[in-house]
Amino acid sequence: MSETSFTPRVFSGIQPSGNLHLGNYLGALKRFVDWQAKDVESIYCMVDLHAITVWQDPKDLQKSTRELCAGFIAAGLDPEKSILINQSQVPEHAQLAWVFNCVARMGWMQRMTQWKDKAGKNAQNASLGLFAYPALMAADILTYHATHVPVGEDQKQHLELARDIATKFNHDYDVDFFPIPEPVIEGAGTRVMSLRDGSKKMSKSDVSDASRINLTDDADTIAKKIRKAKTDPDALPSEAKGLEERPEARNLINIYAALNGQSVDQVLADVGGKQFSEFKPMLADLAVDKMSPITTEMSRLMENQDEIDKILTRGAERARAITAPILRKTYDIVGMVPPVER
Ligand code: AMP
Ligand code: TRP
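All of these numbers come straight from a predicted model, not from anything done at the bench.

## Details of the packing of aromatic side chains
Right, on to step 1. On inspection of all chains with the given rule, the structure shows 10 aromatic pairs.
Right, on to step 2. For the pair Phe-32 and Tyr-44, a centre-to-centre distance of 4.3 Å together with 15° between the ring planes defines the contact as stacked. Taken together, the positions of Phe-32 in helix α1 (residues 22-37) and Tyr-44 in strand β2 (residues 41-46) put the pair 12 residues apart, joining distant regions of the chain.
Right, on to step 3. What makes Tyr-44 buried here is its relative accessible area of 0%.
Right, on to step 4. Both rings, one in Tyr-44 and one in Phe-72, keep their centres 6.4 Å apart while their planes meet at 45°; by these two values the pair is tilted. Linking Tyr-44 in strand β2 with Phe-72 in helix α3 (residues 58-75), this pair joins segments that are 28 residues apart in sequence.
Right, on to step 5. An aromatic cluster is present here, built from Phe-100, Phe-169, Tyr-173, Phe-177 and Phe-178 joined pairwise through their rings.
Right, on to step 6. Above the ring of Trp-35, the side-chain terminus of Lys-38 is found at 4.1 Å from the ring centroid.

Here is the structure:
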């Protein structure tokens, strides 16, 4: 089975669960925008069906889905170039997931660390959907015959499982139908850490709002959070080696480099020797400069819900032109009788 016989196509998904932050922007959204610039057909999905594997308040879920869509667009995804979809509006995801539920084995699912972490000791009380989560994720990707999947390190195991499902399906039915999708894992440079603790990832679930820059923060808030970010008392080094054992310094330099499209070495060549009292205002200016157009566009879109809903409806139409024939072909392979024209 050759992976190259399929046209390159990118797919990725993010759960609509609120609080988009700088980590999501640099680690996910900005990378999606880079793919878009490469002119590879790309589909980006708000995975609401995955979100409900744990309880979601219906009103919050709607709001978070629209907010995520606004974040995608504000970050630079063009809904005419990339396909932006809300998972539940493209029924083939759930339909193919059922077929994959019958391909995947219980043992495979039981080994997933996310399942073990989220279900914990109370697995009997977890939803069946949480257990089947990775089969739906495989369906998300494979219902587009997607070949490349940009994800964070934590999703690597789920991607392996998607590859196992594609391989087993092709083998069981003796076809060369599904591509074996490649994970494209975020580099360490794009891992943004908490502004309060350089050893923890910036996260939407951190109780301290000062630990992250939200895509809903205004310019003043962004600047204030950077001024208050935790640091050490030393001056900045001139080489990356000098950032070892200095997680907070490394994080702020990484953020500067990522926002400015520079390498860490380039940044240190400019700012090496400076004190944080001098560097922080530079970083605050840069962050405001790069982030406030995004946060402003996001709040504009959030006030124009109709615009977002139309973009998602149009995205689903374009998506179904790809997914419906792939699902039909899957059903044919599996042995399901096709409906006829009457
Ligand atoms: P999450 O918010 O954890 O559901 O993640 C959504 C996407 O953002 C995934 O692609 C993550 O890899 C990425 N992401 C989340 N937090 C960070 C972070 N602190 N640094 C870099 N990328 C992140
Ligand atoms: N499980 C992913 C996460 O929590 C989200 C996701 C769902 C996804 N379906 C996907 C990511 C398909 C990549 C491809 O981050």
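## Quick look at the site of ligand 1
Right, on to step 1. In the vicinity of ligand 1, 14 residues are found, and the nearest of them are Gly-23, Asn-24, Thr-190, Val-192 and Met-202.
Right, on to step 2. Here Val-192 contributes a backbone N or O atom positioned 2.7 Å from a nitrogen atom of ligand 1.
Right, on to step 3. Within the backbone of Met-202, a nitrogen or oxygen atom sits 2.9 Å from a nitrogen atom of ligand 1.
Right, on to step 4. Summarising the interface, the protein chains cover 82% of the accessible area of ligand 1, which totals 470 Å² for the free molecule.
Right, on to step 5. The element contributing the most residues to the shell around ligand 1 is α1, with four residues.

## Description of the site of ligand 2
Right, on to step 1. Not every one of the 13 residues close to ligand 2 is listed here, only the nearest: Gly-13, Tyr-133, Met-137, Asp-140 and Gln-155.
Right, on to step 2. Here a nitrogen atom of ligand 2 sits 2.6 Å away from a polar atom, N or O, in the side chain of Tyr-133.
Right, on to step 3. Asp-140 places a side-chain nitrogen or oxygen 2.7 Å from a nitrogen atom of ligand 2.
Right, on to step 4. The fraction of the free accessible surface of ligand 2 (370 Å²) that becomes covered by protein chains is 89%.
Right, on to step 5. At four residues, helix α7 (residues 128-142) tops the list of elements feeding residues into the shell around ligand 2.
Right, on to step 6. Among the residues making up the shell around ligand 2, the classes are represented as seven nonpolar, five polar and one charged.

## Considering α1
Right, on to step 1. Within α1, the axis deviates most sharply at Leu-29, by approximately 30°.
Right, on to step 2. Counting buried positions along α1 gives 12 out of 16 residues, so the element sits mostly inside the fold.
Right, on to step 3. Looking only at α1, the buried set comprises Leu-22, Gly-23, Tyr-25, Leu-26, Gly-27, Ala-28, Leu-29, Arg-31, Phe-32, Val-33, Trp-35 and Gln-36.
Right, on to step 4. One or two residues past the end of α1 sits Asp-39, with phi positive at roughly 60°.

## Structural notes on a positive patch on the surface
Right, on to step 1. Taken together, the side chains of Arg-196, Lys-224, Arg-227 and Lys-228 define a basic patch exposed on the protein surface.
Right, on to step 2. The class for Arg-227 is exposed, based on a relative accessible area of 52%.

## Topic: the domain arrangement of the protein
Right, on to step 1. Under the domain assignment used here, the protein contains domain 1 (9-190 + 304-334) and domain 2 (209-300).
Right, on to step 2. Computed from C-alpha coordinates alone, the two centres of domain 1 and domain 2 are separated by 31 Å.
Right, on to step 3. Opposite the 16 residues of domain 1 that make contact, domain 2 presents 13 residues.
Right, on to step 4. In total, domain 1 and domain 2 occlude about 1,400 Å² of area from one another, counting both sides; carbon and sulfur atoms represent 66% of this.
Right, on to step 5. Counting the surface domain 1 buries against domain 2, the share from its top three residues, Leu-22, Tyr-25 and Ala-74, is 34%.
Right, on to step 6. For Arg-300, the salt bridge is made with Glu-307, and the minimal N-O distance between the two is 3.3 Å.

Reading the values: rules and limits
Residue numbers run consecutively from 1 along every chain, following the written order of its sequence. For this description, chains carry letters from A and ligands carry numbers from 1, given in the order in which they are written. In keeping with the model being predicted, local features are shown solely for residues with a pLDDT of at least 70 and side-chain atom pairs are shown and tallied solely at 80 or more, while totals for entire chains, interfaces and linings include all residues. In computing side-chain properties, one takes all heavy atoms of the structure into account and sets aside hydrogens as well as water. Two aromatic rings from Phe, Tyr or Trp, using only the six-membered ring of Trp, form a pair when their centres are within 6.5 Å; if the ring planes differ by under 30 degrees the pair is stacked, by over 60 it is edge-to-face, and anything between is tilted. Runs of H or I in DSSP of at least four residues are treated as helices and runs of E of at least two as strands, each being numbered from the N terminus. Exposure classes here rest on a 1.4 Å probe applied to the protein chains alone. A residue is buried below 20% of its type maximum, exposed above 50%, and partly exposed in between. For a ring to carry a charge above it, either NZ of a lysine or CZ of an arginine must fall within 6 Å of the ring centroid while also lying within 35 degrees of the normal to the ring plane. We call a residue near a molecule or strand when any one of its heavy atoms sits within 4 Å of it. N or O atoms closer than or at 3.5 Å make up a polar contact, with two conditions inside protein: a donor-capable atom paired with an acceptor-capable one, and, for residues adjacent in sequence, both atoms drawn from side chains. Here the accessible surface of atoms and residues is derived via Shrake-Rupley with a 1.4 Å probe, and residues count as covered only by protein chains that are part of the display. By the convention adopted, Pro, Cys, Tyr, Trp, Phe, Met, Ile, Leu, Val and Ala count as nonpolar, Lys, Arg, Asp and Glu as charged, and the other residues, Gly among them, as polar. One fitted axis covers the seven residues ending at a residue, a second covers the seven starting there, and the bend at that residue is the angle between these axes. Patch rule: a residue counts if its relative accessible area is over 30% and it has no salt bridge; like charges are joined within 9 Å, and nonpolar side chains (Val, Leu, Ile, Met, Phe, Trp, Tyr) within 5 Å. Each reported salt bridge corresponds to a side-chain nitrogen of Lys or Arg within 4 Å of a carboxyl oxygen of Asp or Glu. The charge count includes Lys and Arg as positive and Asp and Glu as negative, but it does not include His or the ends of the chains. Every charge is mapped to an atom, namely NZ of Lys, CZ of Arg, CG of Asp or CD of Glu. Domain ranges listed in this record stem from an automatic or a database domain assignment. When checking whether two residues touch, look at their non-hydrogen atoms; a contact exists if any pair is within 4.5 Å. Here the quantity called buried area is the accessible surface, traced with a 1.4 Å probe, that two parts lose on coming together, added over both.

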